[in-house]
Structure formats: structure tokens, C-alpha cells
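Now for the letters of each chain:
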Amino acid sequence: MIVNTRWLLDYLDPHPTLPVLLTTLPRVGLDIEAVHVLSRELENIRIGFIRSKRQLEGTTDKWVLDVEVAPGEKRQIVCAAAHPVEVGWGVPVALAGTELPSGGSIHEDTFHGVLSQGMICLDGEMGLVARGSGLQVFHDEALLGQRLPDVTHIEEALVHVKVYPNRPDCLGLVGIAREIAAMLDLKLVLPKVSVLETSAAAVPVQIEAASLCSRYTCRVVNGVEIGPSPAWLASRLLSSGSRPINNVVDITNFVMKEFGHPLHAFDLRRVKEKVVVRRFAQGESLRLLDGRVVGESGEDAPLAICDAHGPMALAGIMGGEGSGIADSTTNVLLESAHFEPTGIRASGRRLGVASDSSYRFERGMDPNETLEAARERAASLMFEIAAAKSAGPVTDTYPSAVQKPVFSLPAETVTGYLGVAVTADQVKASLTKLGYECSDDLLHIKAPTRRVDVNDAVVLIEDVARVIGYEAIKPAPSPETPSAGSTTALDVARQTARGLLVGNGFLELRGVPLEPLEGEARFSQLDGPSVTLANPLNADLARVRRSLIPFLVKTAVYNATRRAATFRYFEIDKIFARQKGEPVEHWSLGMLLGGALNDSDWSTRRATDFFDLKGSVESLLEGLRTPRATFTPIAAVEGFQKETTATILINGEAVGLMGQVDAEYLAGERIHQAVFSAELFLGKLVPLMSETPAFEALPRFPGMYRDLSFVVGKDVPYAAIESTIRSAAGPNLEAVDCIDVFGGKGIAKDSRSIAVSMAFRAADRTLASEEVNVAIEEIISKLAAEFKADLRG
């Protein structure tokens, strides 16, 4: 949800500053996802002067302007006639390449063969509340080319907030303002309402599906004049991401963003006799405002708003094309209703139709005060800006009124939960600020019905804590009775792995265990189909994940776009697949490396490579006290780069895989550096782990060392070479390490030179050179026989 802070301040007295607002929103329970301070983010908007104007050939609503954006520098701009412009005016101009904080991106485009190199910016398009007419006009030529924030005072910001599903009361600015007012002890300023009501006949309403629509209200507003909305309203819609349409439709959208409650306006001429709220009947269909045709019958048919002849709207989701507001509309039927969230959610999912209205109804709207306030506010605005002449009485069909839930909450209970002394007066004052009705003894507290999350007294305690401030709750020790819990070998493996990786500079992530259907096979080692959800919340959460790597890559992409291009992540969680038709879970450990290996020291900085990840995997397995692992190249797994993927084997059993993430996949996500990832099955590692570390005494006798260099084919994996060396060398081989790999001058194109260093040592004596020489000869013989290796001098 986008919040224009200047619009938000309309409902608060006195006005808090922007820093205070930004620190208060998290107390309300809203996550701040982005803040666009407009005085800073509109610096690329320049004052340009219109030097010529002509109508765009072939159109009646577009103009071609020559705009001087700097002394001697002109740009051609095609401008729509939504706002008049004149030669000699100085106007805000965004040239091609400009990103507007409201979400728009300006680029060169061609209209009827004429190139447009920028845009004349209305206030709302820049995220601003209108300054006067909605288009700022300057007449002082000295302002040519200057930045807009330097010549006009800009104090607001666009704040992107995340409203959680349990707080739909904050999906409107009044709801957010009410919470802020309670936190900061401010006055909530509600808009004034004035409706000229007559005794005309009301439109009858009949609810046939009371389980899906608990209340339906409407009133007729007569004599409206359809036209464009005034600048103050249009700019607010634009700044919040909505395009103005006409004054009546804009009023319903404006009030929805103001109070959070969706409304709908019908052209009264197209409503025949009465309004009936029922499911679609057999053979009925409806063309929606976006052109789609919907229709479905039966017990699960969607809810429709109908007249005596048939459906007019898909209830709570979208209006029908045949009953919408037109330029010729004079009388409006204004709907404000309450629809059950589950019905709206099911219909929207099944039909694939969504809207701002359905988003709100799915989460639960207030069937009482907010419903009524939104309806009256919209009717009042039709008098104010749509020239309405009169309004009929309200038709209110409410078969079973929703009552305010009642709770009992003594101050002692609040004190016990919060751990800080709270008086009855503090509890009552805090809850009253949020709209609760409290008796003096707190044994009778009515919660407002707009708070759909209030289903337990504990929620009231949270509200008290938010109002008095979490900073007032000081930490204090509390008595605790220790209890012994069982720790499994898998628990130990997870805890040990977590400590080892964090100690080696990895950052632990926790991802959502659901992901989209596409990319099912990407990075996965599991056999069998995925576990999919029968009724997912959305397409991005359609199945349980079968690999941890996609989320690690997604996090890397997210951070890389914010200039954090060094990745060292891990996650420990379950992955799932179906085996023999049943879901099976596997504990998995995912790792990801990318970017600079050591970005804190320029002298040693280099890019991460495959062997850095391999070393991290080996260190992890060593810390888990498993037997030595081998790495065997395999055909590329989807998601990994070809010829970089290896299976991790212990005692011949595959326990995971690793490789380089596919460069083409990353390039599509705007990462142009190598990224490496591995995934291990913890369930397979647990049986291989030694319960206690094994002690080995320091060697008493000296070792002997030999180096060998030989040429083998490029397709021979080093793991196979090392395995052959160990089997041929006998029991006295202590260690073997690859010290050099070379291909180039003097080496055949299909071959490479490998040099290894070997250490020999006996536990009970000093080895003789002859014993080592025999082992070396055996190694050379075996390498030649198995790999056609040629010894280099």
C-alpha cells in the first residue's frame, strides 16, 4: 500500500513530522518496505518552458510541444489534453530515462509517427498532492532548467507499507491515522459529511445468499454531472497508484483508499426494479468492466449483484460493463455492502479475477461503522464535486447484525503478560484511543467490529503495549523451572552445521517453504513429483519446495539489485517430494557463495570460485565428523551450469550435489558474476557422523615426501586419480594433494598436466627410501594402466 504522507496528515491534528511518522508506523504494526522522500527523488524533474504547440495529426486529444529544458536545449514532447498547456508556460518536465517515485518510467516513444522525448508531469504523477490546478506553472524565465525541488517546497514522501492480513482496518488512510493518533496522543480528524436527503422512494434490496452477504446498503444520488475530478482528488489517486477515470468512479476509489472500505456505483437507469444479492443462476453470465466474461452456476457459483433481469456486478470484486457509470449518467445507485471473506476469496481464485476491492473484502471489512462512514462520505463528495442535487433514503438490508465482541481484561492480567506494572486507567485510556468501549472496572470491553483480528483478550494486551510503547516495557529476569528435553542426532547435526557455517562467515536465511510451479526440476535432487497445494493463496505459493537453492538465489538477486553483491548464505530446512504417491520430507542444508571472497582487503580480493565452495563443504563435513567425501562430476542438473556439477559421495553414497548456478539464469536476474551453490541431505549425513572425536597421537617418526607430475586426458576427473593413488600406494600413504594443473604449450589440447605431492609415514618406524620407491612405482604403473598417464620429467 502506498501512503502519501501529506494526504495522511489530513486526518491528524497537529501534524507530526516525517521522521516521527516513519518511527510510528512500525508501532502500528505496518512494515515499511520503501520510503521515497520526494524532495530528494524529484531532483531529475526540471523546469522546462513551452516554446511551441501544435495538435498531433490524426488525434483530437494530443499536442506536440517543443519544450526548452535548458538554455538552448529543446526536446519534443507529445502531451495528452488531460490538462491544458500554453506556449510560454514553465512546467515540470521528466526526460526519457527518468524513474518517477510513484512508479512510472519515462522513455522515448512514438505517437502517430512523432517522437516524444519526455513527459509534462502532473503533481499526482510525481507522487505529490496537487499544488493548485494539478500542473505547476512557472512564468519566471530565470527558472529555466532548474530542479523542481529547488523552486517549490516539497515536504511529503511516498511510503510503501506492508499491511498484514490480520489488520485490514489499516487498508485505508483513516485507519492508519487512527492508529497513529493513538500512539502519539493526537486528534483524529474525520472528513465532514453533508448530504441533502429527500423522501424519494428507495430501491428495494433482497438478499438471497445471507451466508455470503451479511449486509447490503445503498442509496440513490440524483442529478450528478459526470466529468473529470478536481486536481486535489485526482492527484491523490495518482500518487497512490490509481488512474483517474471520472468524478463519480474516482470518488468511490478515493473513499476506498481513505476509509479502506470498497464501494460501487451503478448507473440507476440500468438497474431494473430492485437489487437482488444471489449466486449466478444456470445459464447466466456477465461481462465485467475489464472485458472478461464470467458465469458459473451451482452450489459454489459466485455471488452476483443483480436486478430483476440478471447480474449487474460480480459481488465484491468487479462491476459489470452494462451497469457502469457513463458520460450520460445522471442518477447513481451507490452501494456499500459487507461480503464474507471466504466467498470473495473462493470466487476470485476460481474465476481468476482480482481487484483492489476483492483484496480488501478477502481480508474482512467492517460491517458497521466503516461501511456507513464510507457510504456517506462518497455521497457527500458527489454533492461537492459532481453537482448532485439530492439523495434518496438509505436502503439497509441487515438480516443478522454483527455485534461488537465483548471481553474482560483486569489490569492485573495486563501486568502479568507485559511484565510491567499497568494501571486500570492506563489500560482504559489506551484501548479507548483505539476505539474500544471500556467500563471503569475493565470487565466489559467492547471491541470495534472493524478490528477483525480481535478474537482473544491477548490481542487487547498487545494493543495496550503498542499504545504505551514497547520501550516502556523494561526487560527483567523471571523465574523459570528448567526441564530436560530430548536431543536427537539430527538436532545435533543441525546445531553443529549452523555453528560451523556462521563461524565461517555464512549468513543464515529462513525462506517461505512454498514456491511457484514453474522451475520444478531446478536444482532438485529428489525423485518423484512435487507436493502441490490444492488451494494455494496465489501462484507464487503453489507447491512445497523441493530444493533450498532457489530461495538462496532469489535472496542473492534481491541483494545484488541493492548493491550488496557478496553472497555467503546458508539455510537448513525441509524439502518435499512425493514417493509412491505420499509426501516425504527430507532435512536439507543449502549453501551459496558468490562475489568477492575477501572484500575487506583490496590486496587479497578475488572472485569466489568452485573450489572455495568445495572447501567450505569439506570443512563442514569434517566438522560433522563424517568420513572423507569424494566429488564426482555428473551431467548438468537443471539450474546449474553445464560441466560444473558434481555429486558429493561418502562411502559411495550420494549425500548432496554442488555446482555453479547457471549463468544464463542469473543474467536474466541481472547478476553477471559467478555464483556457486551446494545442497546436502542432513538425514543421510547423520548415520555417517562419528559420535565422539577420535584422538590420534602426533607422529613419532619422520615422513618422506614425493612429487609426481603426469599428463592425462582432460576428461579424467581428479577424484578418480586420487582414488587410484591411494589404493596403489599402500597403508603408508599419509596424504596426497594436488599442487598444480596446467594446460597449454607442450601439452596436447585434449590433455592436461597434473602435479601431486604425497606424504608417506609409518606409525612404528622410519620408512626406508626403497619402501617409498616401490609405492611410487606402483602408483605410476596403476595411473598408466587406468588413465594412460604419461610421467613428465
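Structure first, text after, so check above.
Residues numbered from 1 in each chain as written. Predicted model: local features only at pLDDT ≥ 70, side-chain atom pairs only at ≥ 80, totals over all residues. Heavy atoms only, no water.

## Some thoughts on the pairing of strand β4 (residues 46–55)
1) Next: For β4 and strand β7 (residues 90–95), the ladder comprises four bridges, and the chain directions are antiparallel. Across the sheet, Gly 48 pairs through a bridge with Val 91, a residue of β7.
2) Next: Across six bridges, β4 lies against strand β5 (residues 62–70) in antiparallel orientation. From the neighbouring strand, Phe 49 faces β5, where its bridge partner is Glu 68.
3) Next: Linking two consecutive strands that pair antiparallel, namely β4 and β5, is a turn of six residues; a positive phi of about 90° is found at Gly 58 within it. (Pairing = 2+ DSSP bridges. Helix = DSSP H or I, 4+ residues; strand = E, 2+ residues; numbered from the N terminus.)

## A look at the sheet that holds strand β26 (residues 437–438)
1) Next: Taken in spatial order, the three strands line up as β25-β27-β26 in an open sheet, and their pairing is antiparallel. Unpaired on one side and paired on the other, β25 (406–407) and β26 mark the two borders of the sheet.
2) Next: Here β25 runs beside strand β27 (residues 445–446); their pairing, made up of two bridges, is antiparallel. The residue of β27 that forms the bridge with Val 406 is Lys 446.

## Some points on the pairing of strand β37 (residues 704–713)
1) Next: As paired strands, β37 and strand β39 (residues 751–760) are joined by 10 bridges and run antiparallel to one another. Bridging across to β39, Gly 713 finds its partner in Ser 751.
2) Next: When β37 meets strand β40 (residues 790–791), the two strands line up antiparallel, connected through two bridges. Counterpart to Phe 710 in the pairing with β40 is Leu 791.

## Re the packing of aromatic side chains
1) Next: Under the definition given, this model contains six aromatic pairs.
2) Next: Relative to Phe 254, the ring of Trp 7 has its centre 5.2 Å away and its plane inclined at 15°; by these criteria the two rings are stacked. Taken together, the residues Trp 7 in helix α1 (residues 5–8) and Phe 254 in helix α7 (residues 247–259) connect sequence positions 247 residues apart.
3) Next: The class of Trp 7 is buried, set by a relative accessible area of 2%.
4) Next: Exposure remark for Phe 254: the relative accessible area of 1% places this residue in the buried category.
5) Next: Taking the centre distance of 5.1 Å and the plane angle of 75° together, the rings of Phe 339 and Phe 361 count as edge-to-face. One end of the pair, Phe 339, is in strand β22 (residues 332–339); the other, Phe 361, is in helix α9 (residues 356–361), with 22 residues separating them in the sequence.
6) Next: When its relative accessible area of 1% is taken as the criterion, Phe 339 is described as buried.
7) Next: When its relative accessible area of 3% is taken as the criterion, Phe 361 is described as buried.
8) Next: Cluster of aromatic residues (ring-pair linked, three or more members): Trp 7, Trp 232 and Phe 254.
9) Next: Stacked on the ring of Tyr 359, the Lys or Arg Arg 363 has its end atom at 3.7 Å from the ring centre. (Phe/Tyr/Trp six-rings, centres within 6.5 Å; stacked < 30°, edge-to-face > 60°. Buried < 20%, exposed > 50% of the residue type's maximum accessible area, 1.4 Å probe, protein only. Lys NZ or Arg CZ within 6 Å of the ring centre and 35° of its normal.)

## A word on the layout of surface pockets
1) Next: Taken as a whole, the largest pocket holds about 1500 Å³ of empty space.
2) Next: Lining the largest pocket are 41 residues, with Phe 611, Lys 614, Phe 631, Tyr 718 and Ala 719 sitting closest to its centre.
3) Next: Within the residue set of the lining of the largest pocket, elements represented by two or more residues are α16 (610–623), β33 (629–633), β34 (646–650), α19 (718–729), β38 (733–742) and β39.
4) Next: It is α16 that contributes the most residues to the lining of the largest pocket, eight residues altogether.
5) Next: For the lining of the largest pocket, the residue count by class is 20 nonpolar, 10 polar and 11 charged.
6) Next: Along the wall of the second largest pocket there are 45 residues; nearest its centre are Ala 80, Ala 82, Leu 122, Glu 125 and Arg 243.
7) Next: In terms of residue count, helix α6 (residues 231–239) provides more of the lining of the second largest pocket than any other element does, four residues in total. (1 Å grid on protein atoms, 1.4 Å probe; cavity = no way out; pocket = protein on both sides within 12 Å on 5 of 7 lines; lining within 4 Å. Points joined across faces, edges and corners; volume = space filled by probe spheres on them. Nonpolar A, V, L, I, M, F, W, Y, C, P; charged D, E, K, R; others polar.)

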